[in-house]
Amino acid sequence: MNDRLLLAVDAPSLLHRNHHARAESGLLDRGGRPAWALHGMLRQILEAIDQFAPDAVLFGIDDRKESVREAAYPMYKAGRAEKDPALVDQLERAADLLDALGMLTVTPAGLEADDVNASAATWAEEHGWNCVLVTSDRDAFAHISDRTKVLRLINGGIGGSPLLSPAALRAMYGVAAENYLEFAALRGDPSDNLPGVPGIGEKIAPFLLSEMGSMRAVWADIDHCGGETLVATIDSYCEEVGRPRIGASVLKRLATPEARERFEFNLSIMSGRTDLDLGLKPDVPGSPGLLPLDPERVLRVVGYLGVPSTTDLAIRVLTEPPASAQPPR
């Protein structure tokens, strides 16, 4: 048997993306309700299932009623435009559609789909599975490992989207996968209204982490050695590559209480929960999220969206055994 694969989907991310990309279609389901975002999300996931042949598919859903992050930081995601009512309607219907199909959805109380992704990556590691996270959100990059890759949706759909491994992530940002969360905390995230550490941007942050190994090492050096090792390490590298020395200026920026407070706060907000009960039961046939799905159920639920080509695709990719159940070629 081949290694088993979990496909974990950031449903709100895909719904937002497809709402804006497909709104002009005006697609309505057979009940006359807006369905273009739902259809676009489902279509992309069917294409991903066709490409990766997973054993199980899990959808993370945001809790839209309460947020522990907003409670800790009332300005969290402030400044975002108000959602179109048609998008809100489809966000609220997504879980029902997916559950009816036989997929597995998880809406963690006070949390987000990002937390479901984090727990999915941890679950895969603990159970010896591989995992692909499907999202357009960079937060998922923190979970990339030898077992978990991220399919980051960009313009061009599933076929045109990069599948990010540790090596690909390093090529993109210059940081190791295990350092990405610290990199993000230093850089900040304007989309979540989280400012970064002043003076430590996308160029200095990977340089700092690659030379020092981690921010824990940075703070320890500042606390116990006055940043001597930090300055020497950075300046030595600068000399090797012919750049002006910046060690002293980097130390000055990091040595303030505000810099560490900002980093630690961003880290606490950005860190995904890794201990959620996902409800996966891979050894119980017919459990939600396990493939294959019941053909009649697929025909009824996907058919309700009113796009025959998508229904045909769903029948083909959702009702066949996954790749791990196929005999080796």
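About the criteria used
Residues numbered from 1 in each chain as written. Predicted model: local features only at pLDDT ≥ 70, side-chain atom pairs only at ≥ 80, totals over all residues. Heavy atoms only, no water. Helix = DSSP H or I, 4+ residues; strand = E, 2+ residues; numbered from the N terminus. Rg over C-alpha atoms; globule rule 2.2 N^0.38 Å. Buried < 20%, exposed > 50% of the residue type's maximum accessible area, 1.4 Å probe, protein only. Pairing = 2+ DSSP bridges. Expected span 1.5 Å × (residues − 1). Arc of directions from axis to C-beta. Contact = heavy atoms within 4.5 Å. Axes fitted to C-alpha atoms, helices over the stretch in contact; angles between N-to-C directions. Core = buried A, V, L, I, M, F, W, Y, C linked by side-chain atoms within 4.5 Å.

Right, let's get into the overall build of the chain. Along the chain, the regular secondary structure elements total 14 helices and 8 strands. Relative to the compact-globule value of 20 Å for 329 residues, the chain shows a C-alpha radius of gyration of 22 Å, a close match. If you line up the chain on its principal axes, its C-alpha atoms span 70 × 50 × 35 Å. A buried classification covers 51% of the 329 residues belonging to the chain.

What follows concerns the pairing of strand S5 (residues 148-152). Examined bridge by bridge, strand S4 (residues 130-135) and S5 share 5 bridges and lie parallel to one another. For Val-134, the partnering residue across the bridge sits in S5 and is Leu-151. Pairing between S5 and strand S6 (residues 163-164): 2 bridges, direction antiparallel. Its bridge partner being in S6, Val-150 is matched across the sheet by Leu-164.

For the rest of this paragraph, the subject is helix H10 (residues 228-241). For H10, built from 14 residues, the straight-helix expectation of 20 Å at 1.5 Å per residue is met to within 8% by its first-to-last C-alpha distance of 20 Å. Those residues of H10 that sit buried are Leu-230, Val-231, Ile-234, Asp-235 and Cys-238. Each buried residue of H10 sits inside an arc of 110° when the element is viewed along its axis, so together they form one side. Exposed residues on H10 whose side chains face more than 90 degrees from its buried face are Glu-228 and Glu-240. Contact partners of the buried residues in H10: helix H8 (204-212), helix H9 (215-225) and helix H11 (247-254).

In regular strands, side chains alternate between the two faces of the sheet. Burial of S4 is extensive: 5 of the 6 residues sit out of reach of the surface. Two strands pair when backbone bridges link them, and strand S1 (residues 5-10) and S4 are joined in this way by 5 bridges, in the parallel orientation. Counted as the bridge partner of Val-9 is Val-134 from S4.

Turning next to the sheet that holds S1. Pairing is mixed in the open sheet, where 6 strands are placed in the order S3-S2-S1-S4-S5-S6. Every interior strand has two partners, whereas the edge strands, strand S3 (104-106) and S6, have only one. Helix H2 (residues 36-52) contacts S1, strand S2 (56-60), S4, S5 and S6 of the sheet and is inclined by roughly 160° relative to S1.

Core analysis: the biggest nonpolar cluster contains 60 residues, and Leu-208 and Leu-254 have the highest contact counts within it. For this core, the leading source of residues is H8, giving 6 residues. Those residues in contact with Leu-254, other than ones at most four positions away along the chain, are Val-197, Ile-200, Leu-208, Met-215, Val-218, Trp-219, Ile-222, Leu-230 and Ala-259. In terms of nonpolar packing, the next biggest core, distinct from the first, is built from 45 residues, Leu-5, Leu-101, Val-132 and Ala-314 among them.

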